[in-house]
Amino acid sequence: MTDKDAAQKLIASNPSARADYHWVEVVEAGLMLSGTEIKSIRQSAPGLKECYVEVKDRKGGAREAWILNLHIGPYSHGNIWNHEPRRPRKLLLHRRQIDRLHGALTREGLTVIPTKMYFVKGRVKVEVALGQGKKKHDKRQDLKKKSQQREVDRAVRRNRK
């Protein structure tokens, strides 16, 4: 276990991301949050299952990456200053990374999906993956490989006894 792994505290993961997509590239991004959102994240896990990333053009030619449909429940003690649960949130990335994501989205037809959310030194980070959607036969092959590996592991355990 490396120092980086020890410093990370997992908040939430997207279980369907690995099953539904072939990952091409993985990028770590910061997440711009308001005060009640970070308190709510510490209190309960957000929902990553249905969210995705979109790159939008801004005035002046700059681009911004936004995470959409990320559900962070309202903070229990937030009263009138509480946040909207599914509001768009800005991803903090370098310009080169945003340009790479934008190019992959437009030219290569890939999808940008969040795979996991975690704390690093008290800050929330999101792991974002460029993915290409799997076809039905790809999913079947993955299940077949998993079951074969499981059988091999069982046989190895039986032989050890």
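Residues numbered from 1 in each chain as written. Predicted model: local features only at pLDDT ≥ 70, side-chain atom pairs only at ≥ 80, totals over all residues. Heavy atoms only, no water.

**Quick notes on the packing of aromatic side chains**
Moving on, step 1. All told, the structure shown has 0 aromatic pairs when counted by the stated rule.
Moving on, step 2. Residue placement shows Arg18 over the ring face of Trp23; its charged tip is 3.8 Å from the ring centre. (Phe/Tyr/Trp six-rings, centres within 6.5 Å; stacked < 30°, edge-to-face > 60°. Lys NZ or Arg CZ within 6 Å of the ring centre and 35° of its normal.)

**Here's the deal with helix α3 (residues 35-43)**
Moving on, step 1. Within α3, the full set of buried residues consists of Thr36, Glu37, Ser40 and Ile41. Take α3 and look down its axis: the buried residues cluster within an arc of 140 degrees, on one side only.
Moving on, step 2. In the core, the buried residues of α3 are packed alongside β1 (8-13), β5 (89-92), β6 (111-120) and β7 (123-133). (Buried < 20%, exposed > 50% of the residue type's maximum accessible area, 1.4 Å probe, protein only. Helix = DSSP H or I, 4+ residues; strand = E, 2+ residues; numbered from the N terminus. Arc of directions from axis to C-beta. Contact = heavy atoms within 4.5 Å.)

**A short note on the pairing of strand β4 (residues 63-68)**
Moving on, step 1. Note that strand β3 (residues 52-57) and β4 share 6 bridges and pair antiparallel. Looking across to β4, one finds that Val55 is bridged to Ala65. (Pairing = 2+ DSSP bridges.)

**So, the nonpolar core**
Moving on, step 1. In this structure, Leu31, Ile67, Leu70, Leu91, Leu93 and Met117 are the most contacted members of the largest nonpolar core, which totals 27 residues.
Moving on, step 2. Mapped onto this core, the elements with two or more residues apiece are β1, β2 (21-31), β3, β4, α4 (95-106), β6 and β7. (Core = buried A, V, L, I, M, F, W, Y, C linked by side-chain atoms within 4.5 Å.)

**Considerations on the pattern of salt bridges**
A pair can form between side chains of opposite charge whenever their charged atoms are brought close.
Moving on, step 1. Considering all chains together, one arrives at 10 salt bridges under this definition.
Moving on, step 2. Residue Glu50 is joined to Arg86 by a salt bridge in which the shortest nitrogen-to-oxygen separation is 3.9 Å. Linking Glu50 in the loop between α3 and β3 with Arg86 in the loop between β4 and β5, this pair joins segments that are 36 residues apart in sequence.
Moving on, step 3. Two residues, Arg63 and Asp57, come together in a salt bridge whose shortest N-O distance is 3.1 Å.
Moving on, step 4. In this structure Arg63 comes out as partly exposed when scored by relative accessible area, which is 31%.
Moving on, step 5. Shared partners join several salt bridges into a network, and the residues in it are Glu25, Arg100 and Glu108. (Salt bridge = Lys/Arg side-chain N within 4 Å of Asp/Glu carboxyl O.)

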